[in-house]
Amino acid sequence: MDYSQFGSMIPELIVLGIFVLVFLFDTFSNENGKRILTPLTTILFGLGTIAIWIIPACGEEVFGGMYINDNATNAIKAILNIGVFIVFLQSAKWVESDEVAIRKGEFYELLLVTLFGMYLMVSARHFLLFIIGLESASLPLAALVAFNKKHYESHEAAIKYIMTAVFSSAILLVGLSFVYAFSGGSLYFQDIAYNIGGRPSGLLIIAIAFVIAGIGFKLSLVPFHLWTADVYQGAPTAITSYLSVVSKGAAAFAFFVIFVQCFGAVYSDVWEWMMYAVIIATITIGNLFAIRQKNMKRFMAFSSISQAGYIMLGAMAADGLGLASMMFYIFVYVVSNLGAFAVINTIEENSGKISMDDYNGLHKTNPWLSFAMTLAMFSLAGIPPFAGFFSKILIFTSVTGSNSWALYALVLIALINTIISLYYYLLVVKAMWISPEEPKIASFKTACVERWGLWLCVAGIIFFGLVPYIYQYCYDAVQSSLAYLTIF
């Protein structure tokens, strides 16, 4: 074996290096030394994120073509790292609390392992490596969901998550066994595309439906979404924010690569119509159920289900523009959703309040938190001139690039649902700024590190709504990677 191939896995080596350093420091340092574990991990990860962002990808297929690190995969890894870095900042106070402090090393180690698994998912060009990455990302998340050991809701959420993860993995593997038979005994993406050709059959339709179901669980696509609200509500808020953005972003990119590269030749005959139904149901049901929620974490859960449907519109474009628009949407979703969760987490830590009714009159006691939450809601709703507006415009434009009437109808339904989402996002804004009730949350001072994470999100919402740097970065990365990503 040529061990020099590992040199192509620069992002993975960086994350593994940070994991080893954190593990050794957590294991062998004394109590005084462990006090600096949180800032040490955050600084190391910040430096690693900068390194992944600026170090060019090698663009080589290694390990017999099972793994690739081209500019597109490098870009999505950098975007995921930004999300994880913000989560580290937002969770700094929580991990130092009396209940969690003794296990803060495990929190960082588990989070880094899940990120490593997501890296493998997005770089995989062979289903064996993809499954290894998927399970490496999924199993530690169950432990993270149950991190609040003394809370019954956390245990219940972890059981629901692990059970649905097991069944979804089983369904995915059944589908892949059918795909393996169709491809003549190969799990390489290119071999599958070549052997399937344009010959759809009933068994192939079932196989692709099973694969959609397996990956749809990670994305919380309807009807594979039933775990989402309960897990988001029961998990610690820091873990909920991580689940809602980072896990979803990696799965969306992997979904695009798998379905365009493996099954692109049967796009119009098989999975195009499947995805029409899934996307419409995901956006609509997510929106309708979000209107009914009063618990803010359940509210954000159904919001994230709806947002997953918008992200999947990029897959329907099935071209370089669609992938670039999807990556930009993921970045905007990261800063917008984490901005909302930063406010929810801060209020929960300082007051224990988690209901939307508790936010009534919040601007009177905590105006800056109200301002940040308002920007996050506006961006998620797609109100100009914030970043969410441009991400929706770009992903709608990428889908309507073809002359398909069905795609135009899909975008029209998505636009109608955007009006519905505007209503329930503004319910939060109304509660904070317009409600005549006296505030239920007293004034408090946010921890310094949490403020940094919140203002990073606010800066991303405002700045990248006006400056197209991130989209251009994603577009250039995708264009330079088309040689390695076969798009039909």
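Cut-off values and rules
Residues numbered from 1 in each chain as written. Predicted model: local features only at pLDDT ≥ 70, side-chain atom pairs only at ≥ 80, totals over all residues. Heavy atoms only, no water. Salt bridge = Lys/Arg side-chain N within 4 Å of Asp/Glu carboxyl O. Helix = DSSP H or I, 4+ residues; strand = E, 2+ residues; numbered from the N terminus. Buried < 20%, exposed > 50% of the residue type's maximum accessible area, 1.4 Å probe, protein only. Expected span 1.5 Å × (residues − 1). Contact = heavy atoms within 4.5 Å. Polar contact = N/O pair within 3.5 Å; in protein donor to acceptor, adjacent residues only side chain to side chain. Axes fitted to C-alpha atoms, helices over the stretch in contact; angles between N-to-C directions. Parallel < 35°, antiparallel > 145°, perpendicular 65-115°, else oblique. Left-handed = near helix turned anticlockwise from the far one by under 90°. Nonpolar A, V, L, I, M, F, W, Y, C, P; charged D, E, K, R; others polar. Phe/Tyr/Trp six-rings, centres within 6.5 Å; stacked < 30°, edge-to-face > 60°. Lys NZ or Arg CZ within 6 Å of the ring centre and 35° of its normal.

A.B. asks: Please provide a residue-by-residue account of the pattern of salt bridges, values included.
C.D. replies: Enumeration according to the criterion identifies 6 salt bridges in this entry. One salt bridge connects Lys77 with Glu12, and the closest N-O pair in it is separated by 2.9 Å. In this pair, Lys77 sits in helix α4 (residues 71-90) while Glu12 sits in helix α1 (residues 10-28), placing the two residues 65 residues apart along the sequence. Here Lys77 and Glu12 have matching classes, each one buried.

A.B. asks: If you had to explain helix α8 (residues 152-182) to someone new, which residues and values would you point to?
C.D. replies: The terminal C-alpha atoms of α8 lie 46 Å apart, and with 31 residues this matches the ideal 45 Å at 1.5 Å per residue to within 8%. Regarding α8, the residues found buried are Ser154, Ala157, Ala158, Tyr161, Ala165, Ser168, Ser169, Leu172, Gly175, Leu176 and Val179. Packed against the buried residues of α8 are α7 (127-145), α9 (189-196), α10 (202-219), α11 (228-234) and α12 (237-261).

A.B. asks: Before we move on, can you summarise the environment of Tyr425 with the specific residues and values?
C.D. replies: Counting through the fold element by element, Tyr425 comes out in helix α19 (residues 405-433). Separated by 388 residues in sequence, Tyr425 and Leu37 have C-alpha atoms that sit 37 Å apart. Apart from the residues within four sequence positions on either side, Tyr425 is in contact with Phe299, Ser303, Gln307, Met377, Leu380 and Ala381. Here Ser303 takes part through its side chain, which lies 2.5 Å from a polar atom of the side chain of Tyr425.

A.B. asks: Describe the side chain of Asn287, listing the residues and the values that go with them.
C.D. replies: Secondary-structure assignment places Asn287 in helix α13 (residues 267-291). Polar contacts involving the side chain of Asn287 include one to the main-chain carbonyl oxygen of Asn417, which spans 3.0 Å. Residue contacts for Asn287: discarding those within four places in its chain leaves Ser306, Tyr310, Asn417, Ile420, Ser421 and Tyr424.

A.B. asks: Can you explain the packing of helix α3 (residues 37-54) against helix α6 (residues 104-123)? Please cite residues and give values.
C.D. replies: Following both chains from N to C, one finds α3 and α6 inclined at 15°, their axes separated by 10 Å at the closest point. By the angle class used here, α3 and α6 are roughly parallel. α6 is crossed by α3, and the crossing has right-handed handedness. Residues Leu37, Thr38, Thr41, Phe45 and Ile52 of α3 touch α6, and the partners they reach there are Lys104, Gly105, Tyr108, Leu112, Leu115 and Tyr119. Residues that form the contact of α3 with α6 fall into these classes: 7 nonpolar, 3 polar and 1 charged.

A.B. asks: So what's going on with the environment of Ala170? Residues and values would help.
C.D. replies: Here Ala170 lies in helix α8. With relative accessibility at 39%, the residue Ala170 sits in the partly exposed group. Taking C-alpha positions, Ala170 is 7.8 Å from Gly214, a pair spaced 44 residues apart along the chain.

A.B. asks: Lay out the environment of Phe299 in plain terms, naming residues and giving numbers.
C.D. replies: By the secondary structure assignment, Phe299 is in helix α14 (residues 296-317). By relative accessible area, which is 0% here, Phe299 ends up buried. Along the sequence, Phe299 and Ile10 sit 289 residues apart, while their C-alpha atoms lie 38 Å from each other. Contact partners of Phe299, with chain neighbours within four places excluded, come to Ala290, Gln293, Met356, Met377, Tyr424, Tyr425 and Val428.

A.B. asks: Go over the packing of aromatic side chains with me, naming the residues and quoting the values.
C.D. replies: Tallied over the entire structure, the rule returns 32 aromatic pairs. Ring geometry for Tyr161 against Phe217: centres 5.9 Å apart, planes inclined by 45°, an arrangement best described as tilted. Here the residue Tyr161 occupies a position in helix α8, and Phe217 occupies one in helix α10, the gap between them amounting to 56 residues. Side by side, Tyr161 and Phe217 carry an identical accessibility label, which is buried. For the pair Phe331 and Phe464, a centre-to-centre distance of 5.1 Å together with 90° between the ring planes defines the contact as edge-to-face. Note that Phe331 is positioned in helix α15 (residues 320-351) and Phe464 in helix α20 (residues 448-466), a separation of 133 residues in sequence. The exposure classification of Phe331 matches that of Phe464, with both residues buried. Ring-pair connections join several aromatic residues into one group, and the members of that group are Phe45, Phe88, Trp94, Phe107, Tyr108 and Phe147. Taking NZ or CZ as reference, Arg103 lies 4.7 Å from the ring centre of Phe147, over its face.

A.B. asks: An account of unusual backbone geometry is requested, with residue identities and associated values reported.
C.D. replies: With an omega dihedral of 10°, the bond running from Val222 to Pro223 counts as a cis peptide bond. In this structure, Pro223 sits in the loop between α10 and α11. Going from Pro384 to Pro385, the amide bond is cis rather than trans, its omega being 5°. Positive phi, close to 60°, is recorded for Ser220, a residue that is not glycine. By the secondary structure assignment, Ser220 is in the loop between α10 and α11.

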